[in-house]
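Below are the chains, spelled out letter by letter.
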Amino acid sequence: MNSRTQGYIDVGAGNVWYESAGVGDRTLLLLHGGPGGNSEDLSPFLELADHGFRVVRYDQLGSWRSDKPDDVSLWQVPRFVDEVEQVREALDLGRMHLLGQSWGAFLAIEYALHQGEHL
């Protein structure tokens, strides 16, 4: 398996945890269910790093390893869409593939509608 890195990204309202595996021009960003879930169920996709993908998963704000601010105004779809974009920019993902599970699938659609040029 390719080496993995992890860390935190400041998304304004707090820090989100991420894990990245692999390198290359083909990037896959994974979005978990929830809100409030975590990206553990998506970790098997990191094995795509062995096939030329850079694969990134992260725990959205309010989720497992990420900060959990106590501000209900943060739980709005546009803020989550902006969070995806901040992760993309912070990790220099460029144009990417996006895969979401449950709530993450809804978030992927919203991202595509507002930031489709990055997909």
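The paragraphs below set out a description of the structure included in this document. (Residues numbered from 1 in each chain as written. Predicted model: local features only at pLDDT ≥ 70, side-chain atom pairs only at ≥ 80, totals over all residues. Heavy atoms only, no water.)

### Remarks on the environment of L46
The criterion, for reference: Numbering of helices and strands runs from the N terminus, with a helix taken as a DSSP run of H or I at least four residues long and a strand as a DSSP run of E at least two residues long. When accessible area is computed with a 1.4 Å probe and restricted to protein chains, residues below 20% of their type maximum are described as buried, those above 50% as exposed, and intermediate ones as partly exposed.
By secondary structure assignment, the location of L46 is in the loop between strand 3 (26–31) and strand 4 (53–59). By relative accessible area, which is 0% here, L46 ends up buried. Residues L46 and R26, 20 residues apart in the sequence, show an inter-C-alpha distance of 13 Å.

### Description of unusual backbone geometry
Here G34 and P35 are connected by a cis peptide whose omega angle stands at -10 degrees. Mapped onto the secondary structure, P35 falls in the loop between strand 3 and strand 4. The phi torsion at D92 lies on the positive side, around 50 degrees, for a residue other than glycine. For D92, the location among the structural elements is in the loop between helix 1 (77–90) and strand 5 (97–100). Positive phi, normally seen in glycine, also occurs at S102, with a value near 55 degrees.

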